[in-house]
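If you want the building blocks of each chain, they are given just below.
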Amino acid sequence: MKTQEYHNNEQIIDMLTPKVEVKPSADLRERILQAAAQQSESNTQAQPKRSRSRMSYWLGAIGSAAAVVAIAITLTFNTPAYAARKYFSNALIAVQDAKTMVMKLKVRTEPDEPIDYINPSLGFTPATVKVIYGEPMLWCIEKQNGRTLLYKGANDAGDYVYQWIGGKDGNMGWKQNPEGYVNGDLAIMLDPRLLLNAESRLAENRKGTKYEILDNGELVIVRATTTAQGNYSQSDYMINTSLAEANTIRVYSFAKTTGELVQMRIDFVVDDKPITVIETQSIAYDEPLTPNDLSNKDLSTISFQQLDIAKSASSPLAGITADEAAKIILQAMKSWDKEILGTAMAYYGDYIPKLESIYKGLEVKSIGKSFSSGLYPGKFVKCKVVLADGRKETLVLALRNDNKNKVWLLDGGI
């Protein structure tokens, strides 16, 4: 049976690996073996007048297919991908017995936006990741004065991942079952051991990733360059919105003396220019840390609503197209039909009353044709509306129906 760590590792590898596989020399070993076989056959036949190219001369001097294979392996070991794998593996060994980790970093994001939201045009928001390794792993991801996600394990109140927004909205939040929970891009920071292992395996596979190794005397720096994943044939709307949906340069700095990972930076490449979107400020292992140290927020002051996505087959949002769903949802927002919106806005939880104050009474001016972009599992629909106070807005509704009964749910855009 595959462990949860295995599944997490596979998700990270899949996220980091481009879907287009680049193999500039994947047949190197086969070509050398074929050349060696031809050379051996030619030597057996003792043809005195055959052409002796540079390759055939070299192979003849080697004298055996086994020696050729040994050289091919040596060449492979000297590649940047192999060197990168060595550094990732050494760093993994250096921290494999860590009990806790505290990481401080900065991210180009809005403080109140979801953890997986990254925008290279924004300024930096400080964030902190705290982890207690064990079974289960306990953790907290917190944006300064913004969104926080917390998992402290099961207790008398149940077993939930808690999420809330700081500042003036700090009294509202959501909770959901931790099984299969994904925290978005910053989730890869929760356990650098998984990330290092995933990078090591990726370097071993060498699928579509270019590696560079730099040595500045005190640090060894590994640069991994990959291309954006996803389908952008209909629209590039989602390009550069997440680590997977961006051309990235991932830069890891390792201490030469210990092999330990001391710094990490992730750049998006926008218009051929690298823009840093995530950068660690510090990484500390085995800091004194208890479950109560993960967050200083008093959870009793927050009203948590359990996030339970409605999947009723009888919903008017089931069995229709995304365009039709967008029309129904916008019409429901005009009169604020709580029955329809209670299902459509299941992801928004306690944020719904605030949305009602903004969008109730809107008038729909146009609804565009739905389109796909990037890795998003649903559809996007561009709409133009006029709010009750006369303001005009262009919304790009994110709709998904990847649930058992194919009910369209509003996943973003407002």
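To be clear, the structure that these remarks concern was listed above.
Residues numbered from 1 in each chain as written. Predicted model: local features only at pLDDT ≥ 70, side-chain atom pairs only at ≥ 80, totals over all residues. Heavy atoms only, no water.

Judged by nonpolar contacts, the single largest core of 54 residues is most densely connected at Val129, Tyr211 and Ile278. In this structure, Ala325, Leu330, Cys383 and Leu399 belong to the second largest nonpolar core, which totals 30 residues. (Core = buried A, V, L, I, M, F, W, Y, C linked by side-chain atoms within 4.5 Å. Buried < 20%, exposed > 50% of the residue type's maximum accessible area, 1.4 Å probe, protein only.)

Before going further, it helps to spend a moment on the pattern of salt bridges. Under the definition given, this model contains 10 salt bridges. In this structure, the salt-bridge partner of arginine 400 is aspartate 402, at a minimum N-O distance of 2.8 Å. Exposure remark for aspartate 402: the relative accessible area of 41% places this residue in the partly exposed category. A salt bridge links arginine 400 to aspartate 411; its shortest N-O distance comes to 3.2 Å. Pair noted here: arginine 400 is in strand S15 (residues 392–400) and aspartate 411 is in strand S16 (residues 409–412), with a separation of 11 residues, a long-range link. It is possible to trace a salt-bridge network through shared partners that takes in Asp389, Arg391 and Glu393. (Salt bridge = Lys/Arg side-chain N within 4 Å of Asp/Glu carboxyl O. Helix = DSSP H or I, 4+ residues; strand = E, 2+ residues; numbered from the N terminus.)

So, on to the sheet that holds strand S12 (residues 303–306). In spatial order, the strands read S7-S8-S9-S10-S11-S1-S2-S3-S4-S5-S6-S12; together these 12 strands make up an open sheet with mixed pairing. With partners counted over all chains shown, the strands left at the sheet margins are strand S7 (210–215) and S12, one partner each. Across this sheet, the average inter-strand angle for adjacent strands is 20 degrees, counted without regard to direction. By the bridge criterion, 4 bridges tie strand S3 (residues 138–143) to strand S4 (residues 147–151) in an arrangement that is antiparallel. (Pairing = 2+ DSSP bridges. Axes fitted to C-alpha atoms, helices over the stretch in contact; angles between N-to-C directions.)

The next point concerns the pairing of strand S14 (residues 379–386). Working note: regular strand, side chains alternate between the two faces of the sheet. The pairing of strand S13 (residues 363–367) with S14 spans 4 bridges and is classified as antiparallel. Among the inter-strand pairings, isoleucine 367 is bridged to a residue of S14, identified as cysteine 383. Sheet topology places S14 next to S15; 8 bridges connect them, and they run antiparallel. Its bridge partner lying in S15, cysteine 383 is registered against leucine 395. If you look at the hairpin formed by S14 and S15, you'll find 5 residues sitting between the two strands, and glycine 390 has a positive phi there, around 95 degrees.

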